[in-house]
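# Geometric and topological summary
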Amino acid sequence: MAISESEIAQVRAATDIVALISEQVALKKSGRRWSGLCPFHGEKTPSFSVNAEEGRYYCFGCRASGDQITFVRETQHLDFIDALRLLADRAGIELHEDANAGPARKDRQEFLSAMERAVEWYHDRLLHAPDARPARDYLRSRGIGGDVARRFKLGWAPDEWDALTTSLKLNEKVLLGTGLGFVNKRDRRQDALRARIIFPIFDPAGKAIAIGGRILPPPFGVGAREDGRVEPKYKNSPETTIYSKRRTLYALNWAKDDIIRSGEIIVCEGYTDVIAFFTAGMPRAVATCGTALGEDHFRTMRNFAKRIVLAYDADQAGQSAAASVYQWERQHEVDVAVARLPRGSDPAELAQRDPEALRQAIASAVPFLQFRLERVLDGANVATAEGRARAAEIAMVVLAEHPSELVRDQYVMQVADRLRIDVARLRPRVAEMAHNPALRVVPSEPPPMASVRPRQSGEAMPRPGLEALRLQVHFPNDVKDRLIAPYFVHETQREIFEGLASGKPLSDVIDDLQRRGEDEAAHVLSRLAVDELDREYTVDDVTAVVSQLVRSAVRAELKNVERDLRDGRMEPDVANATIRDVKERIELLETPQGAQAERDLRAWLLERFATTSK
Ligand SMILES: [Zn+2]
């Protein structure tokens, strides 16, 4: 592949290495050099140094070194030519190698340019088209005016099949390569999104790589389509060669500067939450794009800031996989904190109602572990010795997940204090649990990875259901009157439950399952049947297992209620009252009023299932 030396030199000269590296690393000027945290190895103190005049970088820690092209190659995993092309594009230099241009690279360029034009087109529609009026009204009702819409390049996809495709004359390859459209069953090109507000998604350098679309809720939008299909609230571009969901953080391109300046990055759940933070004067918020926060996001974030504040709805934040969060904290040397948002409120709503409260929530965010612990302690029944002991058990499990003994110890004292239990009794138990994860049995925490993995699907099974089935196998009389099919949200588990509930001998149940082709169910049940139970089950243990199962089933059903509310199939008053009542009862499980709460939730679930399966 022939590119002349002079063109390579030209690209180097035109690329400001400090600006380039700053897209991924927070650089500070020290003397004549710039320094920051090395993107190639984990570190706490900066040993990564950039020399602007020479166009070189060097790391004193891991000895990574190079120029602009090396940097792009290493960080974006490109070969020399592709890295060079990327930099040439940035600098507006045309390379004379097109005869041999790699097809993948050329496609990429074509897709990026189509995406850019699409974003502009959607944006223009939102600002000017008459049919976008409901969208503008809706956005304004959420505190998003014209200036904000311009800042975030928001758009409107009209309620037509192929308005974008025909206006921009997008061919099939581009439609599929960008995810902007597809070819329908009648072999016609069709837009991916219609009748939606468009949130364009950019890479850190500011190139549009994907779009997310939100439906207009009633009374602004149409609700269900004419064919009765209910559309999901959000729809995003699929994975493409220009868009990787697990690496992308929405709004990082705009938030970068403030993140670096403040050393803090706020992670929210949705695009409108991000925008709310910007308008409330905290332009350092990002959101994941249709995936959970994961390892790759941490890898990106740690290049920008040390402090990561999760600003989710409180119930959600507590459900992040704790063990992974601690592991990422350690590996990437960041601190993860959780903003204590008022229960039931999200950042977008809070920013509009009380921006000061939102600022406070971020400023007073607490470490992830403390947040989880507080939830346990706040929910504890400290009035009785049993209540305190139970809360202590749960608290110790939460503590034991943290890998650092020093950290654990600080919190052990807090727990001892709050629950009036001798710290000397807690300490050894926490240490024991820390070293032996099998001892960490939590009734009221989100389910950890399943202990039984079905052979075929490889999909993890929800723990609460498994625990309940285990009891059903080994102590059928203890749970006979307390378990019902709607508790089992996992289909395989429900199959097993129903088989066992028939009262037939175990081996017959397994045979039946196999005969019906339910191999996974048969396998799981065979495993459960030979389980060694490591301890006796008391009445409280059974209650803990059943409560956990009820809790998980009810939470799953609440999601459906929320969906019904969004889709206008439930009156807001009714839905909100239901959500509130049900959540109150969840909190009561395993308290002295637990039995009544369990009966109420059971009745509610049965009722929901009776009406929805009609
Ligand atoms: Zn290094």
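Within each chain, residues carry numbers counting from 1 in the order of the written sequence. Thresholds applied to this predicted model are a pLDDT of at least 70 for local features of residues and 80 or more for the giving and counting of side-chain atom pairs; totals over whole chains, interfaces and linings are not thresholded and use all residues. Side-chain metrics rest on all non-hydrogen atoms present in the structure, leaving aside hydrogens and water.

## With respect to the overall build of the protein chain
Going along the chain from the N terminus, every DSSP run of H or I of four or more residues is numbered as a helix, and every run of E of two or more is numbered as a strand. For the protein chain, the helix and strand inventory stands at 28 helices and 17 strands. Radius of gyration means the value over C-alpha atoms here, while the globule rule gives 2.2 Å times the residue count to the 0.38 power. What you see for the protein chain is a C-alpha radius of gyration of 28 Å, in line with the 25 Å of a compact globule of 614 residues. Each residue is placed in one exposure class: buried if its accessible area under a 1.4 Å probe, protein chains only, is under 20% of its type's maximum, exposed if it is over 50%, and partly exposed if it falls in between. Split into buried and exposed, the 614 residues of the protein chain put 50% on the buried side. Sequence-distant contacts, at least 24 apart, represent 64% of the contacts inside the protein chain between residues at least 6 apart. Computed by Shrake-Rupley with a 1.4 Å probe, the accessible areas treat only the displayed protein chains as cover when residues are assessed. As presented, the protein chain carries roughly 29,700 Å² of accessible surface, and 49% of it is formed by carbon and sulfur atoms. Contacts: residue pairs with any heavy atoms within 4.5 Å of one another.

## A word on the pairing of strand β15 (residues 307–310)
A pair of strands is labelled paired if DSSP reports no fewer than 2 bridges between them. Inspection of the sheet shows strand β13 (residues 264–268) paired to β15 by four bridges, in the parallel sense. Among the inter-strand pairings, Ile266 is bridged to a residue of β15, identified as Val309. For β15 and strand β16 (residues 335–338), the ladder comprises four bridges, and the chain directions are parallel. Of the residues in β16, the one forming a bridge with Leu310 is Val338.

## Some details on the coordination of the zinc ion
Any nitrogen, oxygen or sulfur atom within 2.8 Å of a metal ion counts as a donor, with the limit raised to 3.2 Å for Na, K and Ca, and since water is left out, coordination shells can look unfinished. Looking at the zinc ion, one finds its protein donor set to be Cys38 (SG), His41 (ND1), Cys59 (SG) and Cys62 (SG), positioned 2.1 to 2.3 Å from the metal centre. Mapping the donors of the zinc ion onto the primary sequence yields the spacing C-x2-H-x17-C-x2-C.

## Examining helix α3 (residues 68–76)
Buried within α3 are the following residues: Gln68, Ile69, Phe71, Val72 and Thr75. Summarising the axial view, the buried residues of α3 lie within an arc of 160°, below the 170-degree limit, and thus occupy one face. In this structure, the buried residues of α3 make contact with α1 (5–14), α2 (17–22), β3 (48–51), β4 (56–59) and α4 (80–91). Throughout this description, a polar contact denotes any pair of N or O atoms lying within 3.5 Å of each other; where both atoms belong to protein, one of them has to be capable of donating a hydrogen while the other can accept it, and for residues adjacent in sequence the pair is counted only when both atoms sit in side chains. Residue Asp67 occupies the N-cap position of α3, its side-chain oxygen lying 3.0 Å from the main-chain nitrogen of Ile69. In the stretch just after α3, His77 is the one whose phi turns positive, near 55°. What the arc covers is the set of directions going from the helix axis to the C-beta atoms.

## Re the pattern of salt bridges
In the sections that follow, a salt bridge refers to a side-chain nitrogen of Lys or Arg positioned within 4 Å of a carboxyl oxygen of Asp or Glu. Tallying each qualifying case throughout the model produces 39 salt bridges. Residues Glu23 and Arg90 are paired through a salt bridge, measuring 2.4 Å at the closest nitrogen-oxygen approach. Here Glu23, found in the loop between α2 and β1 (28–30), pairs with Arg90, found in helix α4; they are 67 residues apart in sequence, far enough to count as distant. Residue class for Glu23 comes out buried when judged on its relative accessible area of 16%. The closest approach of N and O atoms between Glu393 and Arg429, which form a salt bridge, is 3.4 Å.

## Some points on the packing of aromatic side chains
Note on ring pairs: Phe, Tyr and Trp rings are taken, using the six-membered ring of Trp, and paired if centres are within 6.5 Å. Classes follow the plane angle, with under 30 degrees stacked, over 60 edge-to-face and the rest tilted. Counted under the stated rule, the structure contains 17 aromatic pairs. For the pair Phe152 and Phe278, a centre-to-centre distance of 5.1 Å together with 85° between the ring planes defines the contact as edge-to-face. In this pair, Phe152 is assigned in the loop between α7 (146–151) and β6 (155–157) and Phe278 in helix α11 (residues 271–279), connecting sequence segments 126 residues apart. Phe278 matches Phe152 in its accessibility class, with the two residues each being buried.

## Digging into α4
Between its terminal C-alpha atoms α4 stretches 16 Å, which fits the 16 Å expected from 12 residues at 1.5 Å a residue. Taken together, the buried positions of α4 are Ile81, Asp82, Ala83, Leu84, Arg85, Leu86, Leu87 and Ala88. Gly92 sits one or two positions beyond α4 and adopts a positive phi of about 70°. Given the number of residues in a helix, its expected span is that number minus one, multiplied by 1.5 Å.

## Description of the confidence of the model for the protein chain
Per-residue confidence from the predictor is reported as pLDDT, which spans 0 to 100. The predicted model of the protein chain has a mean per-residue pLDDT of 84, with 91% of residues at 70 or higher. In the model of the protein chain, helix α13 (residues 314–317) stands out as the element of lowest mean pLDDT, 58, in contrast to β6, which has the highest, 97. Per-residue pLDDT stays below 50 along residues 443–459; that stretch engages in 44 contacts with residues further than four places along the chain or on separate chains.

## Some words on unusual backbone geometry
The phi dihedral of Ala195 is positive, around 50°, even though this residue is not glycine. Positive phi, normally seen in glycine, also occurs at Ala251, with a value near 80°. Structurally, the position occupied by Ala251 is in the loop between β12 (249–250) and α10 (252–262). Residue Ala251 is classed as buried on the basis of its relative accessible area of 0%.

## A closer look at the sheet that holds strand β14 (residues 285–288)
Pairing is mixed across the open sheet formed by six strands, whose spatial order is β12-β14-β13-β15-β16-β17. Because the sheet does not close on itself, it has two edges, and the strands there are β12 and β17 (366–367).

## Examining the pairing of β16
Across two bridges, the pairing between β16 and β17 is antiparallel. Of the residues in β17, the one forming a bridge with Ala337 is Pro367.

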